[in-house]
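Descriptive analysis of the structure
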Amino acid sequence: AVFEEPLEKDRRYLMAVLPHGVIPFAASCLIEKFHELGFFPNMIGASVLFRIPLLRQFCRLGGVVPASKRTVLQALQWKYPNNVTFIVPGGIAEIFYMR
């Protein structure tokens, strides 16, 4: 990851990560880099993921929040080290276009 300026601990960040794919691999790689910098990013995930029992727990452990207006707005207010939120546009529909 290349940053033009260092991330500030007192600001909130929303970052779009592409492509989506079956597993948003690019976002997973970026999360590792952010962990090295001391940040623990959140990722917005499809709300349907939270209706499947084991998958729900896995998502919560990974810092995924449901893609509802209320939870996204809450995540965007969290303080350091959770002040970075990833969104992976394309979602479930884009999975079927990946080759």
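I will try to describe carefully the structure that is included in this document.

What counts as what
Residues numbered from 1 in each chain as written. Predicted model: local features only at pLDDT ≥ 70, side-chain atom pairs only at ≥ 80, totals over all residues. Heavy atoms only, no water. Pairing = 2+ DSSP bridges. Helix = DSSP H or I, 4+ residues; strand = E, 2+ residues; numbered from the N terminus. Axes fitted to C-alpha atoms, helices over the stretch in contact; angles between N-to-C directions. Contact = heavy atoms within 4.5 Å. Salt bridge = Lys/Arg side-chain N within 4 Å of Asp/Glu carboxyl O. 1 Å grid on protein atoms, 1.4 Å probe; cavity = no way out; pocket = protein on both sides within 12 Å on 5 of 7 lines; lining within 4 Å. Points joined across faces, edges and corners; volume = space filled by probe spheres on them. Nonpolar A, V, L, I, M, F, W, Y, C, P; charged D, E, K, R; others polar. Expected span 1.5 Å × (residues − 1). Buried < 20%, exposed > 50% of the residue type's maximum accessible area, 1.4 Å probe, protein only. Arc of directions from axis to C-beta.

1. Some remarks on the sheet that holds strand 4 (residues 84–87)
- Read across the sheet, four strands follow the order 1-4-2-3 without closing on themselves; strand pairing throughout is parallel. Each of the sheet's edge strands pairs with one partner strand only, and the pair in question is strand 1 (13–16) and strand 3 (64–66). Averaged over all pairs of adjacent strands, the angle between strand axes in this sheet comes to 30 degrees, irrespective of strand direction.
- As paired strands, strand 1 and strand 4 are joined by four bridges and run parallel to one another. If you follow Y13 over to strand 4, its bridge partner there is V84.
- Each of strand 1, strand 2 (42–45) and strand 4 touches helix 1 (residues 25–36); the most contacted strand, strand 4, lies at about 170 degrees to it.

2. Focus on the pattern of salt bridges
- In this structure the tally under the stated criterion is one salt bridge.
- For the salt bridge of K33 with E36, the shortest nitrogen-to-oxygen distance reads 3.8 Å. Within this pair, K33 and its partner E36 are both found in helix 1, separated by three residues, close to a single helical turn.

3. Details of the layout of surface pockets
- In this structure, the largest pocket occupies an estimated 690 Å³ of space.
- In terms of lining, the largest pocket is formed by 25 residues, of which the most central are P24, M43, G45, L49 and V64.
- Contributing elements (two or more residues each) for the lining of the largest pocket: helix 1, strand 2, helix 2 (53–61) and helix 4 (91–95).
- When residues of the lining of the largest pocket are assigned to their parent elements, the largest contribution, four residues, is made by helix 2.
- Looking at the lining of the largest pocket residue by residue, the classes come out as 19 nonpolar, six polar and no charged.

4. A look at helix 1
- With 12 residues, helix 1 extends 17 Å from end C-alpha to end C-alpha; this agrees with the ideal 16 Å at 1.5 Å per step.
- Those residues of helix 1 not exposed but buried are A27, I31 and F34. All buried residues of helix 1 project into a common sector of 65 degrees when viewed along the axis, lining one side. Across from the buried face of helix 1, at angles greater than 90 degrees, the exposed residues are F25 and E36.
- Packing partners of the buried residues in helix 1 comprise strand 1, strand 2 and strand 4.
- Positive backbone phi, at 95 degrees, marks G38, one or two positions downstream of helix 1.

5. Considering the pairing of strand 2
- Here strand 2 shows a buried face lined by N42 and I44 and a second buried face lined by M43 and G45.
- Pairing of strand 2 with strand 4, which is carried by two bridges, proceeds in the parallel orientation. Across the sheet, M43 pairs through a bridge with F86, a residue of strand 4.
- The pairing of strand 2 with strand 3 spans three bridges and is classified as parallel.

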